[in-house]
Amino acid sequence: MKEVQIEAGWKKALAGEFEKSYFKELAEFVRNEYKKTTVYPPPKDMFRAFDLTPFDKVEVVILGQDPYHGDKQANGLCFAVHEGLRHPPSLQNIFKELESDLGEKPKISSELTEWATQGVLLLNATLTVRAHQAGSHQGKGWEQFTDAAIKAVSDKKDYVVFILWGNFARSKKTLIDTFKHDVIESAHPSPFSAFSGFFGSKPFSRTNEYLAAHAKKPITWLQSSIVV
């Protein structure tokens with residue numbers, strides 16, 4: 001990361017972060033990691049969540065923790081994987097809840113880009129990871145940067161829906177002004193917890209109800225030009 005290449009609205013919203021010492025140390029760490037080992041996602045996709053969902057277009061935020069660390073899975077969007085790969089268990093459960101919630105089988109790509117381009121920020125707390133080493137880039141500064149992104153959305157925008165799945169995501173609620181935004185919380189879609197409150201939580205219909213109530217366009221969750 002030389003000069004940070006990120007969508008202009010986000011660059012403005014997060015301008016102060018890029019000059020802080022933690023970010024400079026993070027940039028150096030990530031640059032060295034890409035040089036000496038395999039890191040996911042590839043550098044061009046590091047800020048893809050921000051690039052596909054410009055700051056001015058954010059209507060919904062879904063929080064993840066870490067990119068997938070399997071071969072070529074991570075594409076820069078939380079819970080998403082590249083087309084043609086086997087769907088990870090959490091994504092399978094997200095699609096199951098989507099069908100249950102909206103009453104129709106989802107016809108969407110595992111890339112989830114069509115959610116992102118409608119204003120759904122699919123943000124991992126940590127934006128990079130070593131191949132096959134889960135959590136290997138945690139605690140290096142990414143969390144401070146993505147916390148700043150969450151807080152920027154909360155502070156500078158109105159009537160955004162924050163979807164927090166699992167204890168890690170729910171811990172970020174302290175960054176959100178719950179008086180002017182909606183927060184939808186539940187268990188994580190992982191097979192270890194999905195039956196403890198994720199299934200049946202109806203996050204997709206609840207999101208659209210909130211958006212509609214505030215004169216915003218609902219998200220088209222189900223349809224895609226790519227059928228999986």
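Residues numbered from 1 in each chain as written. Predicted model: local features only at pLDDT ≥ 70, side-chain atom pairs only at ≥ 80, totals over all residues. Heavy atoms only, no water.

It is not clear to me how helix α6 (residues 142-156) should be interpreted in this structure. Could you clarify?
The end-to-end C-alpha separation of α6 is 21 Å, in line with the 21 Å expected for 15 residues at 1.5 Å each. Taken residue by residue, α6 has W142, E143, F145, T146, A148, A149, I150, A152, V153 and S154 as its buried positions. Summarising the contacts, the buried residues of α6 are in contact with α1 (8-13), α2 (21-36), α3 (48-52), β2 (60-64), β3 (120-124) and β5 (161-165). (Helix = DSSP H or I, 4+ residues; strand = E, 2+ residues; numbered from the N terminus. Expected span 1.5 Å × (residues − 1). Buried < 20%, exposed > 50% of the residue type's maximum accessible area, 1.4 Å probe, protein only. Contact = heavy atoms within 4.5 Å.)

I'm lost on the side chain of T207 in this one. Help?
Counting through the fold element by element, T207 comes out in helix α8 (residues 203-213). For T207, the side chain forms a polar contact with the main-chain oxygen of P203, separated by 2.7 Å. Apart from residues lying up to four places away in sequence, T207 is in contact with V60, V161, I163, I184 and W221. (Polar contact = N/O pair within 3.5 Å; in protein donor to acceptor, adjacent residues only side chain to side chain.)

Any chance you could explain the packing of aromatic side chains here in plain terms?
Centre distance and the angle of the planes are the two values used to describe a pair of aromatic rings. This structure, assessed with the given rule, holds 19 aromatic pairs. A centroid spacing of 6.2 Å and a plane angle of 55 degrees characterise the contact between F47 and F50, whose relative ring orientation is tilted. For the residue pair F47 and F50, the accessibility class agrees, reading buried in each case. Judged by centre distance (6.4 Å) and plane angle (65 degrees), the ring pair of W165 and F204 falls under edge-to-face. Of this pair, W165 sits in strand β5 while F204 is found in helix α8, placing the two residues 39 residues apart along the sequence. Overall, the relative accessible area of 0% leaves F204 in the buried class. Here the aromatic cluster, defined as three or more aromatic residues joined through ring pairs, consists of W10, F18, Y22, F23, F47, F50, F55, W142 and F145. (Phe/Tyr/Trp six-rings, centres within 6.5 Å; stacked < 30°, edge-to-face > 60°.)

Looking at this structure, I do not really get the nonpolar core. What am I missing?
Generally speaking, soluble globular proteins have nonpolar side chains that are buried together. Core analysis: the biggest nonpolar cluster contains 66 residues, and W10, F50, W115 and F145 have the highest contact counts within it. For this core, the element with the most residues is α6, which contributes 7 residues. The contact partners of W10, leaving out residues within four places of it in the chain, are F50, T53, P54, F55, V58, L121, A149 and V153. (Core = buried A, V, L, I, M, F, W, Y, C linked by side-chain atoms within 4.5 Å.)

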